[in-house]
Amino acid sequence: MSPDEYCQQKTAQSGSSFYYSFLFLPPERRRAITALYAFCREVDDTVDETSDASVARIKLAWWRTEVSSMYKGTPTHPVTQALQPHIATYKLEEQHLQAIVDGMEMDLDQSRYLDYAGLQKYCWRVAGVVGILSASIFGYTNPQTLAYAEKLGLAFQLTNIIRDVGDDARKGRIYLPVNELQQFNVTAADILNFRHGEKFEALMKFQAERAQRTYDEALSLLPKEDRRAQRPGLMMAAIYRTLLDEIQRDNFHVLNQRISLTPLRKLWLAWKTYVRT
């Protein structure tokens, strides 16, 4: 299996909404974004699939070294071997890839965030910089497009947090800010014990409204001249906002189930956005 084939398999198996937007890209950009996504999955799995935190730290340290090796032209992992040829072409910065690793390590250091400002720091590392890297691969002419991409990455992560409240609770993690739980009289115990009620719904409605505002803010930043190049991000936004709408229609029953869209619906949303843009 070639490095590109490895990344393709890793991406397809994830079932991610992002996969459907990649299908519409030219081959070279598709290979680059698939390699980037596979890198994110590998690093994320290092934390999520390793029960011993000390072992996870060792693996993340290895990834930091591997990223450095990739920029020196000596990658050893299939993912970095696939990504390395695209670094210069799309001006992918090492500091951004290292920030992704730092973000994954935050999951080993803390499982609560006191306020939204603290959560934003985490979101920037695991999603904002991914948005910047992705926009660089998609192509842009106006530097403001990177601000749009960073904000859109934040919106995606806020949506993920809403969708995954129950899954994260099963891992002992709560990404909803502590001061906002207090604001709506929801305790950590309520979430860790999967207690759904009116207070929880009010809290989640607050989270969803912020996520929707973040999408609006992101889209307002996208320069007209780069809309066509940035279609993959717009496709993802259409899919994720539809998912957010579904979660809200279901009254935020995310503690005991994972709400998702069917592959066919994701593909339809991606295609519809492609045609309209």
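Residues numbered from 1 in each chain as written. Predicted model: local features only at pLDDT ≥ 70, side-chain atom pairs only at ≥ 80, totals over all residues. Heavy atoms only, no water.

Going by what an unreviewed UniProt entry lists, the protein is known as Presqualene diphosphate synthase HpnD and is assigned to Massilia agri.

Looking now at the pattern of salt bridges. Taken as a whole, this structure holds 22 salt bridges when the rule is applied. Note that K10 and E42 form a salt bridge whose closest N and O atoms lie 3.7 Å from each other. Here E42 lies in helix α3 (residues 27-48) and K10 lies in helix α1 (residues 3-14), a separation of 32 residues in the sequence. For the pair shown, K10 and E42 are each scored as buried. A salt bridge links E180 to R210, with the nearest nitrogen and oxygen atoms 2.7 Å apart. Taken together, the residues span a long stretch of sequence, with E180 in helix α11 (residues 178-183) and R210 in helix α13 (residues 198-221) at a distance of 30 residues. By the burial criterion, E180 is buried, and R210 matches it. The structure contains a network of salt bridges with shared partners spanning K10, R41, E42, D44 and D45. (Salt bridge = Lys/Arg side-chain N within 4 Å of Asp/Glu carboxyl O. Helix = DSSP H or I, 4+ residues; strand = E, 2+ residues; numbered from the N terminus. Buried < 20%, exposed > 50% of the residue type's maximum accessible area, 1.4 Å probe, protein only.)

As a further point, take the nonpolar core. Counting residues in hydrophobic clusters, the biggest one holds 88 residues, and the most contacted among them are F39, L97, I100, L119, L176 and I191. Per-element accounting of this core gives the leading share, 12 residues, to helix α8 (residues 116-138). Excluding residues within four positions of it along the chain, L97 makes contact with L36, F39, V67, M70, Y71, L83 and L133. (Core = buried A, V, L, I, M, F, W, Y, C linked by side-chain atoms within 4.5 Å. Contact = heavy atoms within 4.5 Å.)

Another aspect to go through is a nonpolar patch on the surface. Together, W268, W271 and V275 line one region of the surface with nonpolar side chains, adding up to about 350 Å² of accessible area. Looking at the element boundaries, W271 is found in helix α15 (residues 263-276). W271 gets classed as partly exposed once you look at its relative accessible area, which sits at 43%. (Patch = residues over 30% accessible without salt bridge, like charges linked within 9 Å, V, L, I, M, F, W, Y side chains within 5 Å. Areas by Shrake-Rupley, 256 points an atom, 1.4 Å probe, with all protein chains shown as cover.)

Applying the stated criterion to the full structure yields 16 aromatic pairs. Relative to Y274, the ring of W271 has its centre 5.9 Å away and its plane inclined at 20°; by these criteria the two rings are stacked. With W271 and Y274 both in helix α15, this residue pair falls three residues apart, about one helical turn. Aromatic ring contacts, followed pair by pair, group F18, F22, Y37, F156, Y215 and Y240 into a single cluster. The ring of Y116 carries R210 above its face, with NZ or CZ at 3.9 Å from the centroid. (Phe/Tyr/Trp six-rings, centres within 6.5 Å; stacked < 30°, edge-to-face > 60°. Lys NZ or Arg CZ within 6 Å of the ring centre and 35° of its normal.)

Moving on, we come to helix α7 (residues 94-109). Its 16 residues give α7 an end-to-end C-alpha distance of 23 Å, which sits within 8% of 22 Å, the value for a rise of 1.5 Å per residue. The element α7 is extensively covered by neighbouring structure, given that 12 of its 16 residues are classed as buried. Taken residue by residue, α7 has H96, L97, Q98, A99, I100, V101, G103, M104, E105, M106, D107 and L108 as its buried positions. Where α7 is buried, its residues contact α3, α4 (53-71), α5 (78-83) and α8. (Expected span 1.5 Å × (residues − 1).)

Our focus in this paragraph is α8. By the largest-angle criterion, W124 marks the main kink of α8, which is about 50°. Most of α8 is tucked away, with 17 of its 23 residues classed as buried. (Bend = angle between axes of the 7 residues up to and from the residue.)

This next bit is on the packing of α8 against helix α9 (residues 144-163). Put simply, α8 and α9 touch, their axes get as near as 7 Å, and they point 125° apart. Taken together, the axis directions place α8 and α9 in an arrangement best described as oblique. α9 is crossed by α8, and the crossing has right-handed handedness. Its residues assigned to classes, the contact of α8 with α9 comprises 14 nonpolar, six polar and one charged. (Axes fitted to C-alpha atoms, helices over the stretch in contact; angles between N-to-C directions. Parallel < 35°, antiparallel > 145°, perpendicular 65-115°, else oblique. Left-handed = near helix turned anticlockwise from the far one by under 90°. Nonpolar A, V, L, I, M, F, W, Y, C, P; charged D, E, K, R; others polar.)

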